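# Reading the structure
Each chain, letter by letter, is given below.
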Amino acid sequence: QVQLVESGGGLVQPGGSLRLSCASSGSSFIFYAMRWYRQAPGKQRELVASITRGGSTNYADSVKGRFTISRENAKNTVYLQMNSLKPEDTAVYYCNAEAFNRQSNFWGQGTQVTVSS
């Protein structure tokens, strides 16, 4: 069974930084892709950033230049470095992993990020 566990969320002032981590267990194969989503109160869940097995990345326009996604394939671990945080970045951030054979998706429990002065 595959489990994803996020960490690194918390309260930070505008302009500050946080680094989110998503550690996986129970998988013997490199995930096809790993992603970060977020959901703010009253809004739908949105894709923030993604990274493929080969290292290709994509970002939402709202976070380009501020967030960086990376992964360690051997550990099936994904990170999200968040810099220059804004209040509108406040949301629950979820880790997602797509199985190597693209037949399954796995989700973490989410971690709260609050940007406020």
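In what follows, the structure referred to is the one given above.
As a starting point, this report considers the structure included with it. Since this is a predicted model, take the numbers as computed values, not measurements.

Across its full length, the chain carries zero helices and eleven strands. With the C-alpha coordinates of the chain rotated into their principal frame, the extents come out at 45 × 25 × 25 Å. Out of the 117 residues belonging to the chain, those deemed buried represent 40%. Counting only carbon and sulfur atoms, one obtains 46% of the accessible surface of the chain, whose full area is about 6,200 Å². Measuring between centres, the 12 positive side-chain charges of the chain sit 4 Å from its 7 negative side-chain charges.

The full count for this structure, using the stated rule, is seven salt bridges. Arg-38 is the partner of Asp-89 in a salt bridge, and the nearest nitrogen-oxygen pair spans 3.0 Å. Of this pair, Asp-89 sits in the loop between strand 8 (77–82) and strand 9 (91–98) while Arg-38 sits in strand 4 (residues 33–39), and the two are 51 residues apart along the sequence. The partner of Arg-66 in a salt bridge is Asp-89, with the nearest N and O atoms 2.8 Å apart. Of this pair, Arg-66 sits in the loop between strand 6 (57–59) and strand 7 (67–72) while Asp-89 sits in the loop between strand 8 and strand 9, and the two are 23 residues apart along the sequence. Each member of the pair, Arg-66 as well as Asp-89, carries the same accessibility label: buried. By sharing partners, the salt bridges in this structure join Arg-38, Glu-46, Arg-66 and Asp-89 into a single network.

So, how was this worked out
Residues numbered from 1 in each chain as written. Predicted model: local features only at pLDDT ≥ 70, side-chain atom pairs only at ≥ 80, totals over all residues. Heavy atoms only, no water. Helix = DSSP H or I, 4+ residues; strand = E, 2+ residues; numbered from the N terminus. Buried < 20%, exposed > 50% of the residue type's maximum accessible area, 1.4 Å probe, protein only. Areas by Shrake-Rupley, 256 points an atom, 1.4 Å probe, with all protein chains shown as cover. Lys, Arg positive; Asp, Glu negative; His and termini not counted. Charge placed at Lys NZ, Arg CZ, Asp CG, Glu CD. Salt bridge = Lys/Arg side-chain N within 4 Å of Asp/Glu carboxyl O.

Treat this as a map of the structure, not an account of what it does.
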